[in-house]
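# Fold and geometry: a report
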Amino acid sequence: MTLTERLRTLAEATRPPFPLAELHCHVEGTASPALARSQARRYGVEIDDLLDGERYRWSDFGSFLRAYDRVATLFRSEDDYRRLAASYLSDIGRAGALYAELFVSPDHAASAGLDPTAYVRALASGAAEAEAETGIVSRLVVVGIRHLGPDAVEAAARFAVRSPHPDIAGFGLAGDERVGRPADFARAFAIAGEAGLGLTAHAGEFAGPAAIAETLDALKVTRLGHGVRAIEDASLMARLQAERITLELCPTSNVALGLYAAPSDHPLKRLRDAGLRLTVSSDDPPFFGTSLTEEYAFTERHGFTEAQRLALTRTAIEAAFVDEATRQRLLERLAVLAISLGAPGASD
Ligand SMILES: [Zn+2]
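These lines cover the structure that appears in this document, whether it is placed above or below. Numbers given to residues run from 1 along each chain, matching the order in which its sequence is written. The predicted nature of this model means local features are confined to residues of pLDDT at least 70 and side-chain atom pairs, given and counted, to a pLDDT of 80 or more, with totals for whole chains, interfaces and linings taken over all residues. Each side-chain value is derived from all of the structure's non-hydrogen atoms; neither hydrogens nor water enter the calculation.

In this section: the coordination of the zinc ion. For Na, K and Ca the donor cut-off is 3.2 Å, while for other metals it is 2.8 Å, and in both cases only N, O and S atoms qualify; water is not among them, so sites may look incomplete. Binding of the zinc ion to the protein goes through His24 (NE2), His26 (NE2), His202 (NE2) and Asp283 (OD), at separations of 2.1 to 2.4 Å. In short, tetrahedral needs four donors with all angles between 85 and 135 degrees, square planar needs four and octahedral six donors with opposite donors over 155 degrees apart and all other angles between 65 and 115, and whatever is left is irregular. Around the zinc ion sit 4 donor atoms, and with donor-metal-donor angles ranging over 88 to 172 degrees the site reads as irregular. Look at where the donors of the zinc ion fall in the sequence and you get H-x1-H-x175-H-x80-D. With His26 in the loop between β1 (20-22) and α2 (33-43) and His202 in strand β7 (residues 198-203), this residue pair connects regions lying 176 residues apart in the sequence. Exposed residues in this analysis have more than 50% of their type's maximum accessible area, buried residues have under 20%, and partly exposed residues fall in between, with area computed by a 1.4 Å probe over protein chains only. Overall, His202 belongs to the buried group, its relative accessible area being 7%. What counts as a helix is a DSSP run of H or I of at least four residues, what counts as a strand is a run of E of at least two, and both are numbered from the N terminus.

This part covers the pattern of salt bridges. Salt bridge, as used here, is a side-chain nitrogen of Lys or Arg placed within 4 Å of a carboxyl oxygen of Asp or Glu. In this structure the tally under the stated criterion is 25 salt bridges. Ionic pairing is found between Glu78 and Arg121, a salt bridge with its closest N-O pair at 2.9 Å. Of this pair, Glu78 sits in helix α4 (residues 78-94) while Arg121 sits in helix α6 (residues 116-134), placing them 43 residues apart in sequence.

Before going further, it helps to examine the packing of aromatic side chains. Between the rings of Phe, Tyr and Trp (Trp by its six-membered ring), a pair exists once the centres lie within 6.5 Å; its type follows the angle of the planes, with under 30 degrees stacked, over 60 edge-to-face, and the other angles tilted. Counted according to the given criterion, the structure contains 13 aromatic pairs. Put simply, the rings of Tyr56, Trp58, Phe61, Phe64, Tyr68, Phe206, Phe287 and Phe288 pair up and form one aromatic cluster.

It is worth spelling out unusual backbone geometry at this point. With a phi close to 75 degrees, His226 is a non-glycine residue in the positive phi region. By secondary structure assignment, the location of His226 is in strand β8 (residues 223-226). Here His226 falls in the buried class, since its relative accessible area comes to 0%. Positive phi, close to 55 degrees, is recorded for Arg244, a residue that is not glycine. Inspection of the secondary structure assignment puts Arg244 in the loop between α10 (234-242) and β9 (246-249).

For α2, the complete set of buried residues consists of Pro33, Leu35, Ala36, Gln39 and Ala40. Projected onto a plane normal to the axis of α2, the buried residues spread over an arc of 155 degrees and lie on a single side. In what follows, a contact means two residues having at least one pair of non-hydrogen atoms within 4.5 Å. Contacts made by the buried residues of α2 are with β2 (51-52), β3 (55-56), α4 and α13 (285-288). Just beyond α2, the residue with positive phi is Gly44, at close to 65 degrees. Within this analysis, the arc is defined by the directions that extend from the helix axis to the C-beta atoms.

That is the geometry; function is a separate question.
If you want it as structure tokens, here you go:
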């Protein structure tokens, strides 16, 4: 091996992982099958029918939600949730994630028999462990579950406001988008917004562009969970660009849930070419056989250059629900990493 080859090998080996950031991930949806098996043994629960190797078994959105709920019920104590958050955030931190937000649901905590305040405390404690180990910064976004109805969503907002924890930085709407209208949840979002929480909502995944426009009008969000079906309406695309709305895209999730027949059908590139603010996330990684790293690889296969992939991370940090000092610190870390990757243009 020549000296140049040796130096190249050394440079490769010491090259930092590509800097990633994730805005859209449901905490119970991060549980790896290995962790779920260990939890199932702990509680004497049978989950063999739920597992297909290293993935969860489901066939449509309804059975996906039921599988998700079954996995969620395997987490019952503060220690379970601490372990869940620490395990996921450490994994993606080691893979290069600088920042992550986790969607957390007081309704899931309650159905697991855990006080939601203890649930948040446990998740924050797991997040602190992951930060100590890998440097990953994270925040929690409390979500209301849409198919439980407006009262439950309002209760989730009141919980987020009433039980402030420094890690709770946002409020969102998850669950089945086909249930109810965005305006049904306006009160919940007004409560959360007035308390200074960042706002996001799943929209434009199973429902079309009209639901995205209604969500923007009624809920005053700065980000959309998915929002991918905006591609079907040119005037809505122009509105998203003008209002600088950030899309939390989860491409593999969209393909797994049948929005697009094949990865090549995903409109990722057209959304980028229209100048929209894009980020990528894994949504519920082991349910969809994906990871945060794989979502970035998905964009690379769709022609995103290294600078464009760094821009995904930068956009995520710009749209993150963090205080300005933390945002600046994260942006500086990203800029340094971009230079060490040899991509100074990334900060353009
Ligand atoms: Zn989601």
